[in-house]
Amino acid sequence: MTEVLVVDDDFMVAKLHSHYVAATEGFSVAGVAHSGAEALRAAERLRPDLVLLDVYLPDMDGVSVLRELRAREEAARGEPGREARQPVDALFITAARDAHIIRDALRAGALHYLIKPFHRTSLQEQLRHVAAVRSRLDRLGEASQEDVDQIFGTRPPGSRGLPKGLAAHTAELVERTLRGHTEGLSASECAAAGELSRVSARRYLEYFTETGRAEVSLRYGGTGRPERRYRWIA
């Protein structure tokens, strides 16, 4: 479960964003703050995984809040005997459109920047992208260039076009099948559930794994090669 701190000076907007977060599978609202100082105190107390930050706050701007969060994380790492804290991720949700503010947010370490107004699905897509990035990093010991490209990409993996030879309607079918089996599926089981050939199902399952939307594990038993099992994580 990804714990989220929602920061917005408008009480109704903060409530709306909290509703969007709570409606996204795998996410919960850890707390709400309406000023920069309140956000810093809440982050210290709640230790959220993700902060949704507005730029325009009554006492300080959201970029300064994020910079202060990063400074505190660095200080915690540098003090002997002090417990190191897990770095918090940040998404900006704001009406600020100035390019220099967007650049400052990026340099401060924001994962993404949504400009108000936006559709609920835009936020939920970014939340799922955050979860996929966090999961991918947690699993990696060493990263391939493909891993890095996925993590630093400007768009969530789901918005990229399919490689040549893969069809959108079949990808949607495999995705629905995988989402419907939270315990995971083998390529053979996915093929049977979706009425596909095993080879075709395997291609789409491997594609979802490569793009960070599914994960694969090995099941050992009996003789022969271990069975690859896929589980949707995006």
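Refer to the structure presented above.
In this numbering scheme, every chain counts its residues from 1 along its sequence in written order. Predicted model: local features are reported for residues with pLDDT of at least 70 only, side-chain atom pairs are reported and counted for 80 or more only, and whole-chain, interface and lining totals are derived from all residues. No hydrogens and no water enter the side-chain calculation; it runs on all heavy atoms of the structure.

## Topic: the overall build of the protein chain
Along the protein chain, the regular secondary structure elements total 9 helices and 8 strands. Accessibility here uses a 1.4 Å probe with only protein chains present; expressed as a share of the type maximum, an area under 20% marks a residue as buried, one over 50% as exposed, and anything in between as partly exposed. A buried classification covers 43% of the 234 residues belonging to the protein chain. A contact between two residues is defined here by any heavy atoms of the two lying within 4.5 Å. Within the protein chain, residue pairs in contact and separated by at least 24 positions form 59% of the contacts whose partners lie at least 6 positions apart. When the accessible surface of the protein chain is totalled, it reaches about 12,900 Å², and 51% of it is carbon and sulfur. Strands here mean DSSP runs of E at least two residues long; helices mean DSSP runs of H or I at least four residues long; both are numbered from the N terminus. Here the Shrake-Rupley method, with its probe set to 1.4 Å, supplies the accessible areas, and only the displayed protein chains count as covering residues.

## Overview of the packing of helix α7 (residues 168-179) against helix α8 (residues 187-194)
Closest axis-to-axis distance for the α7/α8 pair is 10 Å, and the angle between their directions is 110°. Classed by the angle they form, the pair α7 and α8 counts as roughly perpendicular. Once α7 is placed against α8, the crossing between them reads as right-handed. Contact with α7, carried on its side by L173, V174 and T177, involves C190, A193 and G194 of α8 and no other residues of that element. Here the term charged refers only to Asp, Glu, Lys and Arg, the term nonpolar to Ala, Val, Leu, Ile, Met, Phe, Trp, Tyr, Cys and Pro, and the term polar to all other amino acids, Gly among them. A per-class count over the contact of α7 with α8 returns 4 nonpolar, 2 polar and no charged. Between N-to-C directions, angles span 0 to 180 degrees; the directions come from axes that are lines fitted to C-alpha atoms, helices contributing only their stretch in contact. Oblique is the label for any angle not covered by the other classes, which are roughly parallel (under 35 degrees), roughly antiparallel (over 145) and roughly perpendicular (65 to 115). Crossing handedness follows the turn of the near helix against the far one: under a right angle anticlockwise gives a left-handed crossing, and clockwise gives a right-handed one.

## Remarks on the packing of aromatic side chains
Any pair of aromatic rings gets described here by the distance separating the centres and the angle formed by the planes. Put simply, two rings from Phe, Tyr or Trp (the six-membered ring, in Trp's case) pair if the centres are within 6.5 Å, and we call them stacked under 30 degrees between planes, edge-to-face over 60, tilted for the rest. Counting across every chain of the model gives 3 aromatic pairs. Aromatic pair F92 and Y113: ring centres 5.9 Å apart, planes at 25°, arrangement stacked. Separated by 21 residues along the polypeptide, F92 in strand β4 (residues 89-94) and Y113 in strand β5 (residues 112-115) bring together distant segments of the chain. Look at Y113 and you get buried, because its relative accessible area is 13%. Plain terms: the ring middles of Y207 and F208 are 5.6 Å apart, the flat faces sit at 50° to each other, and that makes the pair tilted.

## Here we look at the side chain of D89
Position of D89 among the secondary structure elements: in strand β4. Counting of polar contacts relies on pairs of N or O atoms within 3.5 Å, with two restrictions inside protein: one atom must be capable of donating a hydrogen and the other of accepting it, and residues adjacent in sequence are counted only when both atoms are side-chain atoms. A polar contact is formed between the side chain of D89 and the side chain of R134, at a distance of 2.7 Å. Residues in contact with D89, not counting those within four places in the same chain, are D49, L50, V51, R70, L111, V130 and R134.

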